[in-house]
Amino acid sequence: MGERAAVVWDAALLGYDMGGDHPFNPIRLELTMRLARALGVLDGVTPLPPEPADDADLARAHTMAYVDAVREAPMVGWDVGHGLGTADNPVFGQMHAASALVVGGSLRAARAIASGSADRAVSIAGGLHHAMRDHAAGFCVYNDCSVAISWLLDNGFDKVAYIDVDVHHGDGVQAAFYDDPRVLTVSLHQHPATLWPGTGAVTELGAGAAQGTSVNIPLPPGTTDPGWQRAFHATVPSLLAAFEPQVLVTQCGVDTHAEDPLADLSLSVDGHRATYLALRDLAERYAGGKWLATGGGGYELLRVVPRSWTHLLAAVLDRDLAPDTRLPTEWLNTVRKVAPRAELPLTMGDGADPSFTPWSGGADDRVDAVIRDVRRAVFPLHGLDPDDPRD
Ligand SMILES: [Zn+2]
């Protein structure tokens, strides 16, 4: 199993640190790696350390004017432009180097898959899906997802499917490939009328020859595991079967959790685990077993992110952990040192049941109405029947 799957990691990735009380705190990555190690998920696995992406690779997704602005921002101070120096995207020391290293992590994963040294690869530091061609957005400086997908397209892959399960719309990746029929982007997110960045409507379908290759599934606030899973399974598998990708790239943000402070979906760690197992299964069935997984959002730093992404690492490595697995005392003690008053979970699950009833053609509740709208907008563009639940 270790041979089939690669884990990209280096402590230098913790340098992507926006400082102060910024929610994108790298402790979430450190606590994830510590938990995975304490549970034995990484036994015998030698993580692949990334190299920083060079300018030629950053240029796959960004203008050089923007890359230069990022590089110079810590020296320039105010008025940098390009979305930098804002509350969401503060300028920090070594911003270019740290951001290029995150991109390098996802590229390292892509290279492992393209070379055949691994069928699956995961970089939990990646998933910075909001970064745009010429500006930073939503805590994201460089878009590692877009760079990795572009690199895959130049290195043996003609069709790439990107699935984004973060609570926010995967707007940067959608924009990068909006008119490219070689890339199917699917984003499940909280409805844009109720959450930043306000895009990701069902009607955003792709442009020109790429009509139908941008897919958006905007879910109502409060959606719980069974509804989320029903929406996922009523849309994603059929689209992958029709699109026939050669590799699956996934952004696995965990800010969909009920306890996440920045958004209002109501999923559980058990639901996240079910999603990773489903993504792995879909990669096996529809993408030749090739799966590049990245992290993404997730701001319940102690109680949610470490457990959910340990399940992600375990899924990639075929070392699935049962939700009732006890959290190791060693790890709990580490967290208590950081946050003495935090009420910590005891197991790898929330005790939630993510099982769901498959969509059967109705539109009786708000999630089912979204499913119907998405299928009617997108399925005919792929030769699928939107009203037939078997499609
Ligand atoms: Zn997010």
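Above this text is the structure in question.
Residues numbered from 1 in each chain as written. Predicted model: local features only at pLDDT ≥ 70, side-chain atom pairs only at ≥ 80, totals over all residues.

Enquirer: Explain the overall build of the protein chain residue by residue, including any values.
Expert: The secondary structure content of the protein chain amounts to 11 helices and seven strands. Dimensions of the protein chain, computed from C-alpha atoms along their principal axes, come out at roughly 55 × 50 × 40 Å. Put simply, 75% of the contacts in the protein chain that link residues at least 6 apart link residues at least 24 apart. (Helix = DSSP H or I, 4+ residues; strand = E, 2+ residues; numbered from the N terminus. Contact = placed C-beta atoms within 7 Å.)

Enquirer: Any chance you could break down the packing of helix α4 (residues 95–115) against helix α5 (residues 144–153) for me, citing the residues and the numbers?
Expert: Two numbers describe how α4 lies on α5: the axes approach to 8 Å, and their chain directions differ by 30 degrees. When the axis of α4 is compared with that of α5, the two are roughly parallel. Regarding α4 and α5, the two cross each other, and that crossing is right-handed. Listed contacts from α5 to V102, V103, G105, S106, L107, A109, A110 and A114 of α4 are D144, C145, V147, A148, W151 and L152. Class assignment for the residues of the contact of α4 with α5 results in 11 nonpolar, two polar and one charged. (Axes fitted to C-alpha atoms, helices over the stretch in contact; angles between N-to-C directions. Parallel < 35°, antiparallel > 145°, perpendicular 65-115°, else oblique. Left-handed = near helix turned anticlockwise from the far one by under 90°. Nonpolar A, V, L, I, M, F, W, Y, C, P; charged D, E, K, R; others polar.)

Enquirer: Got a sec to walk through the nonpolar core? Specific residues and values, please.
Expert: Of all hydrophobic cores here, the largest spans 123 residues; its most connected members are A148 and Y162. If one sorts the elements of this core by residue count, α4 sits on top with 11 residues. (Core = buried A, V, L, I, M, F, W, Y, C linked by C-beta atoms within 7 Å. Buried ≥ 20, exposed ≤ 12 C-beta atoms within 10 Å, placed from the backbone.)

Enquirer: Let's hear about unusual backbone geometry: which residues, and what values?
Expert: Residue W196 is joined to P197 through a cis peptide bond whose omega torsion reads 5 degrees. Its location among the elements puts P197 in the loop between β4 (183–190) and β5 (214–219). A positive phi angle, near 60 degrees, is found at D318, a position not held by glycine. Mapping D318 onto the fold places it in the loop between α9 (305–316) and α10 (329–338).

Enquirer: Outline the environment of A176, supporting the account with residue identities and numerical values.
Expert: In this structure, A176 sits in helix α6 (residues 171–176). On the neighbour-count criterion, A176 (26 C-beta atoms within 10 Å) is buried. Considering only alpha carbons, one finds A176 and R60, 116 residues apart in sequence, at a separation of 9.4 Å. Excluding residues within four positions of it along the chain, A176 makes contact with A61, N143 and S146.

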